[in-house]
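Chain by chain, the residues run as shown.
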Amino acid sequence: MIDIDVLRRNLPRRLREGRTLLLVAAPETTDSPPDVEQETVAAFLEHPPEPRVPLVLLPDTLSALDVTTGQQLLGGLRDRWADEVLILHRLDDQRWDLNDFLALGFRRDPEAEAAAPDHAVYRTSLYDYKLTPDWLNARFWANPEMWDKARW
């Protein structure tokens, strides 16, 4: 059983207090806390949200979908419909592996896996999807001490 409250406690404050949407494959398959909205994937894809949803949870949802629909859903969530996406994927589902999630821009989140020991947790976020490289800082760019000392 997945404890959604434990998952939310591991998230940043902006996500714990914002709107949370739980996407399920079939209606009423998962018990959700009272402050979490629940919607089926079919209804979500038919009428996607206009403003981005702060947090979308997908507990075991990809296991019930075909791979093409799952890829379209994850791509749309990542690009247009959600600020942060948290996927709980059963480890025994062989159709999806780590490379499939990495190719779609998701990262594995081992800290959140304590809430669901038989699941892998993947996430993506608008706020930290790209790590800042070491060379992108004032030491290498716009460094006044180096002006007129080197010619590029």
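Predicted model only: the values in this text are computed from it and were never measured.

1. Some thoughts on the overall build of the protein
Here is step 1: What the protein contains, in helices and strands, is 5 helices and 6 strands.
Here is step 2: Counted from the first residue to the last, the protein has its helices and strands arranged as α-α-β-β-α-β-α-β-α-β-β.
Here is step 3: Within the protein, the proportion of its 152 residues that are buried is 40%.
Here is step 4: Within the protein, residue pairs in contact and separated by at least 24 positions form 67% of the contacts whose partners lie at least 6 positions apart.
Here is step 5: For the protein, the exposed area adds up to about 9500 Å²; of that, 53% sits on carbon and sulfur atoms.

2. Digging into the confidence of the model for the protein
Here is step 1: Confidence in the prediction for the protein averages 82 pLDDT; 78% of positions are at 70 or higher.
Here is step 2: Taken element by element, the protein is modelled with least confidence in helix α2 (residues 13-16), mean pLDDT 60, and with most confidence in helix α4 (residues 67-81), mean pLDDT 94.

3. Thoughts on the nonpolar core
Here is step 1: Leu23, Leu77 and Ile87 are the most contacted members of the largest nonpolar core, which totals 22 residues.
Here is step 2: Elements supplying a minimum of two residues to this core: β1 (20-24), α3 (41-46), β3 (53-59), α4, β4 (82-90) and β6 (119-125).
Here is step 3: Sort the elements by how many residues they give to this core and α4 lands first, with 4 residues.
Here is step 4: The residues contacting Leu23, other than those within four sequence positions of it, are Glu39, Thr40, Val41, Phe44, Val56, Leu57, Leu58, Pro59, Thr61, Leu73 and Leu77.
Here is step 5: If you look at the next biggest cluster of nonpolar residues, it comprises 10 residues, including Leu57, Ala112, Ala116 and Val121.

4. A look at α4
Three- or four-residue spacings in an α-helix give side chains the same orientation, since the helix completes a turn every 3.6 residues.
Here is step 1: The complete set of buried residues in α4 reads Gly70, Leu73, Leu74, Gly75, Gly76, Leu77 and Trp81.
Here is step 2: Of the surrounding secondary structure, the elements contacted by the buried residues of α4 are β1, α3, β3, β4 and α5 (98-103).

5. Considerations on the pairing of β4
Here is step 1: Among the 9 residues of β4, 8 are classified as buried, and the element is accordingly described as predominantly covered.
Here is step 2: Summarising the sheet, β3 and β4 pair through 6 bridges and their orientation is parallel. For Leu55, the partnering residue across the bridge sits in β4 and is Glu84.
Here is step 3: Crossover handedness for the path β3 to α4 to β4: right-handed.
Here is step 4: Sheet analysis places β4 next to β6, joined by 7 bridges and oriented antiparallel. Across the sheet, the residue bridging to Val85 is Thr124, located in β6.

6. A word on unusual backbone geometry
Here is step 1: A positive phi is found at Asp60, a non-glycine position, where the angle reads about 55°.
Here is step 2: By the element assignment, Asp60 lies in the loop between β3 and α4.

7. Overview of the sheet that holds β6
Here is step 1: Taken together, the 6 strands give an open sheet; going across it, the order is β2-β1-β3-β4-β6-β5, and neighbouring strands pair in mixed fashion. Edge strands, defined here as strands with exactly one partner in the open sheet, are β2 (36-40) and β5 (107-108).
Here is step 2: Sheet analysis places β1 next to β3, joined by 3 bridges and oriented parallel. Bridge pairing in β3 links Leu21 to Val56.

8. Here we look at the packing of aromatic side chains
For any two aromatic rings, the description comes down to two numbers: the centre-to-centre distance and the angle of the planes.
Here is step 1: Under the counting rule described, the total for this entry stands at 3 aromatic pairs.
Here is step 2: Centre to centre, the rings of Phe44 and Trp81 are 5.4 Å apart; their planes meet at 85°, and the pair counts as edge-to-face. Note that Phe44 is positioned in helix α3 and Trp81 in helix α4, a separation of 37 residues in sequence.
Here is step 3: By relative accessible area, Phe44 is classed as buried at 0%.
Here is step 4: These aromatic residues form a ring-pair network of at least three members: Trp96, Phe101 and Tyr122.

Definitions and cut-offs
- Residues numbered from 1 in each chain as written.
- Predicted model: local features only at pLDDT ≥ 70, side-chain atom pairs only at ≥ 80, totals over all residues.
- Heavy atoms only, no water.
- Helix = DSSP H or I, 4+ residues; strand = E, 2+ residues; numbered from the N terminus.
- Buried < 20%, exposed > 50% of the residue type's maximum accessible area, 1.4 Å probe, protein only.
- Contact = heavy atoms within 4.5 Å.
- Areas by Shrake-Rupley, 256 points an atom, 1.4 Å probe, with all protein chains shown as cover.
- pLDDT = per-residue confidence, 0-100.
- Core = buried A, V, L, I, M, F, W, Y, C linked by side-chain atoms within 4.5 Å.
- Pairing = 2+ DSSP bridges.
- Right-handed = clockwise from strand over helix to strand, strands pointing away.
- Phe/Tyr/Trp six-rings, centres within 6.5 Å; stacked < 30°, edge-to-face > 60°.

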